[in-house]
Amino acid sequence: MIKLLTCIECPKGCVLSIDIESCCITKVSGNECPKGEEYAHQEIENPMRILTSVVLTQGLALKMVPVRTDKPIPKSRIMEAMDEIKKIRLEKSVKTGEIVLENLLGIGANVISVRDVGLA
Ligand code: SF4
């Protein structure tokens, strides 16, 4: 099976042609640098994503605060991660970049605020 994927590691956006046999990558072509091959392996074997969401607040100037993970997490665990984020009720003011949940799902990524929010 051949899968086509656009490399997003730089603005060139090379179209990668990935040969896959029995769930294993046998060949990557179309990449103009080694990063493309690394990207193909990452994306096919263990896709990762930065998760963005919002958390509810209590007593703050906004009802919800936008948040994101500070590093990519496995795509396969996004729903589980969302369930954890939904449990958060932020009651103290936060600054941009401040951790609102440490070590999400025990995978070493923190959930951080992406804006300043003060008390109501
Ligand atoms: S393969 Fe290399 S040159 Fe092409 S988009 Fe990816 S990083 Fe950029």
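What comes next concerns the included structure. On a predicted model such as this, the values are computed, not experimentally measured, just so you know. (Residues numbered from 1 in each chain as written. Predicted model: local features only at pLDDT ≥ 70, side-chain atom pairs only at ≥ 80, totals over all residues. Heavy atoms only, no water.)

1. Re the site of the ligand
Basically, it comes down to this: Whether a residue is near a molecule or strand depends on its heavy atoms: it is near if one of them lies within 4 Å of it. Amino acids outside the nonpolar list (Ala, Val, Leu, Ile, Met, Phe, Trp, Tyr, Cys, Pro) and the charged list (Asp, Glu, Lys, Arg) are all regarded as polar, and Gly is one of them.
Every residue near the ligand is listed here: Cys 7, Glu 9, Cys 10, Lys 12, Gly 13, Cys 14, Asn 31, Glu 32, Cys 33, Lys 35 and Gly 36. Tallied by class, the residues present in the shell around the ligand amount to 4 nonpolar, 3 polar and 4 charged.

2. Comments concerning the side chain of Ser 53
What counts is decided by this rule: Comment: elements are numbered from the N terminus, with helices defined as DSSP H or I runs of at least four residues and strands as E runs of at least two. Contacts were defined at the residue level, with two residues in contact if any of their heavy atoms lie within 4.5 Å.
Checked against the element boundaries, Ser 53 lands in strand β5 (residues 52–57). With near-sequence residues (within four places) excluded, Ser 53 lies in contact with Val 65, Pro 66, Val 67, Met 82 and Ile 85.

3. Quick word on helix α1 (residues 34–45)
The condition that has to hold: Here the expected length of a helix is defined as 1.5 Å per residue gap, with one fewer gap than residues. The rule is simple: take the accessible area with a 1.4 Å probe, protein chains only, and divide by the maximum for that residue type; under 20% is buried, over 50% is exposed, in between is partly exposed. Our arc is simply the arc of the directions from the helix axis toward the C-beta atoms.
For α1, which comprises 12 residues, the first-to-last C-alpha distance of 17 Å matches the rise-based estimate of 16 Å (1.5 Å per residue) to within 8%. Within the span of α1, buried status applies to Gly 36, Tyr 39, Ala 40 and Glu 43. Taken down its axis, α1 places every buried residue within 105° of arc, on the same side. Counted as exposed and oriented over 90 degrees from the buried face of α1: Pro 34 and Glu 38.

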